[in-house]
Amino acid sequence: MRPTRTDRARLAAARALIAALLLSAAAVASAANRYDPRLRFRTIATPHFDVHFHQGEDRLARRLAIIVEEVRGQLAPSFGTIDGRVHVILVNQNDVANGWATPLPVDTIEIAASPPAPESLIGNTADWLRVVFTHEYTHILHLDRRRGFASVLSRIFGRHPVLFPNQFLPHWQIEGLATFEESAAGGDGRIPAGDFSALLDAAARQQRLLPIDRAGGGLVAWPGGNAPYAYGGYFHQFLADRYGPASLRRLADATAGRVPYLGAPAFRTVYGRSLGELWDEFERERARKVANAEAAHAGAARLTHHGFDVFAPATDDDGGIIYAVSNPDRFPALMSLTRDGAPTRVAWRVGGGRTTVRDGWIVFDQLERIRSVGLQLDLYAVRTTGGVVHWLTHEARAGDPDFSPDGHSIVCTIQRDGRHVLARLPFDPDGQTMPTILLEDEGDYAGPRWSPDGSTIVAERRRVGGPSEIVLIDVATRGVRVLLARSDARLVTPSWTPDGRTILFAADLDGGPFEIYAADVATGDVFEVTSTHAGAQFPETAPDDRLVYVGYTADGYDLFERPLDRRAWRPVEWSNSPAGPTSTPADTPIAGMGYRPWRSLMPVYWTPIALSDADEILVGAATAMTDVLGRHAYAATAAWSGARSRPDWSASYVYDRWTPAFFADYSDDTDPVGGGRELRSREFAAGMLLPVRRIRRSQTFLASFDAERDTLTCASGCAAPRSAVDRRSLRGGWLFDSRRLFGYSISVEEGWLAKAIVESTRRALGADGDAGAAVMDVRHYWRLNGGHIVLAARGAGATAWGDNRVRRTFGVGGSGPAGAGFDVGEDAIGLLRGASATPSGPHAAVINLDVRVPIAFVERGWGTVPVSLRSIHAAAFADAAHAWRGRFSLDDVGTSFGAEVSFDTVLGYVLPVTFAGGVAWVEDTAPRRATTFARIGAAF
């Protein structure tokens, strides 16, 4: 028989949005609901680029249109150029600085307008647009290269995903080259930044430099996702220093002509030495650099041992510390550390930059999804004892809060036109307020902090092309005084000492990691406060004259403290840099036009396909495409069998400009079913999907129309040579998902999933009878201890009614995985591990219970082989299931008990895949027996 269909709505979206982008960048593969529907895009055409931008970003877009051509000219001598135009999307809907690039299906770059926090690992930039574009355009020049076989076959198949060999390089090689180039043209970017260099230096100091397989991609252990950028960037710097920058282009050309995933031998071709030899020498050189380094954080006490990301500390009147933590063991949180206690969670917190405490209240900034798409900051308040979290601002894009000394108002920043301006709002935990702008000039501000007397605000400021500054703002007059300015360093995270006479701040002088310094407000004299040799930021003065700061270790960031002894401060020779430019050529008018999606919708590749379906071999072709902004997407396939002249074919389309997204899908498939019979199945589905997303939960709603016709024909010897069944149905679905999966998780650890689907089949719609079906599925996950042992439970039921001719039936067998989509087919709920031939019926129910236990967290591979083992874990399970037609009978319930072992792997450096196998003791329609099974993915 024809294989059971999965949900048509999900198939339509998958065909249109994923097939077109096979093996391409993950950012594009998630094109669905990519942009806020309120954004109206226009296009600026330069000689070689199309810059797409939306309302409110005209000024930034004009400047970007100049930058793209300048960077192209700068990189052309070293990396050449590419044929065709490059699409650059400038979007301002997220308060997370980021960018991505892909050559598929056409060369496309996206840049987030909001600049990074100066103290962040990507914060070493005086011109965010220039640095991020240089990085992403390097990706285009690198990944779009095709040599040898790839160049020849591209003339036949077009821009086929597998014909871009550099896409299949290790993640450190792709990101490392771009990270090196972002800094090669000047002093900006990550390579010259001391805090970025510390990712390797701190590890080398403890002989913990990563082997090449762990830097390739998919690493969870610190430095996690930063590893490919740091190790890859400094490895490329090592190659450029040793063999010359031109060697990097020769390497890019050599790998562009090799079979995917087999690029490593190109290093011997270019450098005369193997990749392994070069990597070992690179790490030995990094280790020699810190061989005689002094101990880190000498004289300081380490207060926490979270590792990974600890940030935004604030001290309270009792000497306690409120701070934020994010690591792969748990959901990000706002934490409290008392003088004599252990860290405790106050509230959940995702992202943000600053925390402030006064009179029993904590105010902090964090990210939340806005209109299901944007990730934007707002201000929140919670009591120091925990409890209800109050949302102080809504869609204000407000961050970096600080209480005034009287506790009645808050100073903060708000994101405006790709920069941050200073603003102020009254503190009212029971209401929501839009901040009013306190100071708006050409600067990008961060970390404002109120002086103890309330007369002055200190803040970081950076202007495009200018130095990093610590400025003082008079609250009454709004006058700005530059206290400190350096073009060769970042001056970040300022705070006041309790007497209001001194500013504490962090700076990365002389290319080293951040250290804490002090500046006299009256004279501008600067003193060195710490010499950690590893990194120190976010200085805070505790009431008992302690200095609390965030320090770096080989495990990541944690809280440290030391006495605030002014007698030990060392004077620093300081010379302020002159002010930089306050305007750019961005004011030059450049004409723009409305965005035209049709210009990027013509198919640019086709792929041959050969597959086995119902004991037939089919051969054909497929193509797919999406426009640059992801508003329109389509896919089409056609395949022929030698037994028939008519092809099996399908076509899908998604329109994703608005919310909800609309889809349409048609398929025509013929399969032999034995005895000289053929089953032809034709199906049309159309409808809409409405996602409602928040960071901690999401809901999805489905409404669709589904038309199916199954025609059975018989060549000879049949009583009825031809019979057909028509089903015309309306379908609605709802899915709620609050599940959480962390870096060190072996499965989902927390939260719920609940879904409900209802289908109505009616003669009035053209069906052969009236029928209906409903499916319910509820899952819950508990963490059993402080680690990653998980208790997972699932209960699912399905029922159908109406005319037998069109009524649904449901099976309960199979070893999974049990999908979480909108499925009303035969396999909608089935999960009875080890059982394959259980009965089906119009009514079915399943109960599953797992206890999942980690065995080992490995995270190792073999050189540059694109397979690594992440972890090994096991589960004991119990399943019970029954499908029936008449009355429910407990005696007919099938059961399965057993154990399974799972191997979490990372394929192709970035794709997580779980392989599982187990043994089950099964009792169903057959006698009790032991069976084995295998599966890809989690059971549920």
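Presented here is a report on the structure given in the accompanying data block. Everything numeric here is computed off the predicted structure, so don't read it as measured data.

**Side note on the nonpolar core**
The biggest cluster of nonpolar side chains holds 90 residues, and the ones touching the most others in it are Val88, Ile111, Phe133, Tyr137, Tyr231 and Phe235. Look past the residues within four positions of Tyr137 in its chain and what remains in contact with it is Phe49, Val71, Arg72, Leu75, Val86 and Ile109. Formed by 27 residues, the second largest nonpolar core is a distinct cluster that contains Val654, Ala798, Ile829 and Val922.

**A closer look at the sheet that holds strand S6 (residues 301–302)**
Judged by pairing direction, the sheet is antiparallel, and its four strands sit side by side in the order S6-S29-S28-S27 without closing on themselves. The sheet terminates laterally at S6 and strand S27 (536–541), the two strands that pair on one side only. The pairing of strand S28 (residues 546–553) with strand S29 (residues 556–563) spans eight bridges and is classified as antiparallel. Of the residues in S29, the one forming a bridge with Gly551 is Asp558.

**So, the side chain of Asp777**
Structurally, the position occupied by Asp777 is in strand S41 (residues 771–783). The class of Asp777 is buried, set by a relative accessible area of 0%. One polar contact links Asp777 to Arg779, side chain to side chain, over a distance of 2.9 Å. Side chain to side chain, Asp777 and Arg794 meet in a polar contact 3.1 Å long. Those residues in contact with Asp777 that sit more than four places away from it in its chain are Leu753, Ala754, Lys755, Arg794, Gly795 and Ala796.

**Focus: the pairing of strand S15 (residues 398–403)**
Along S15, six of the six residues are buried, which leaves the element largely enclosed by surrounding structure. Of the pairings in the sheet, the one linking S15 to strand S16 (residues 409–416) comprises four bridges and is antiparallel in character. Its bridge partner being in S16, Asp402 is matched across the sheet by Val411. Hairpin remark: S15 followed by S16, antiparallel, with five residues in the connecting loop; positive phi at Gly407, about 75°.

**Topic: the packing of helix H6 (residues 171–184) against helix H8 (residues 227–243)**
Running from amino to carboxyl end, H6 crosses H8 at an angle of 65°, the nearest separation of the two axes being 7 Å. One way to sum up the angle between H6 and H8 is to call them roughly perpendicular. The crossing of H6 and H8 is right-handed. Note on element contacts: H8 touches H6 through Pro228, Tyr229, Gly232, Gly233, Phe235, His236, Gln237 and Ala240, opposite His171, Trp172, Gln173, Glu175, Gly176, Leu177, Thr179 and Phe180. Residue composition of the contact of H6 with H8, grouped by class: seven nonpolar, eight polar and one charged.

**Let's talk about the environment of Ala624**
Inspection of the secondary structure puts Ala624 in strand S33 (residues 616–626). A C-alpha to C-alpha distance of 6.5 Å links Ala624 and Pro603, two positions 21 residues apart in sequence.

Rules used in this analysis
Residues numbered from 1 in each chain as written. Predicted model: local features only at pLDDT ≥ 70, side-chain atom pairs only at ≥ 80, totals over all residues. Heavy atoms only, no water. Core = buried A, V, L, I, M, F, W, Y, C linked by side-chain atoms within 4.5 Å. Buried < 20%, exposed > 50% of the residue type's maximum accessible area, 1.4 Å probe, protein only. Contact = heavy atoms within 4.5 Å. Pairing = 2+ DSSP bridges. Helix = DSSP H or I, 4+ residues; strand = E, 2+ residues; numbered from the N terminus. Polar contact = N/O pair within 3.5 Å; in protein donor to acceptor, adjacent residues only side chain to side chain. Axes fitted to C-alpha atoms, helices over the stretch in contact; angles between N-to-C directions. Parallel < 35°, antiparallel > 145°, perpendicular 65-115°, else oblique. Left-handed = near helix turned anticlockwise from the far one by under 90°. Nonpolar A, V, L, I, M, F, W, Y, C, P; charged D, E, K, R; others polar.

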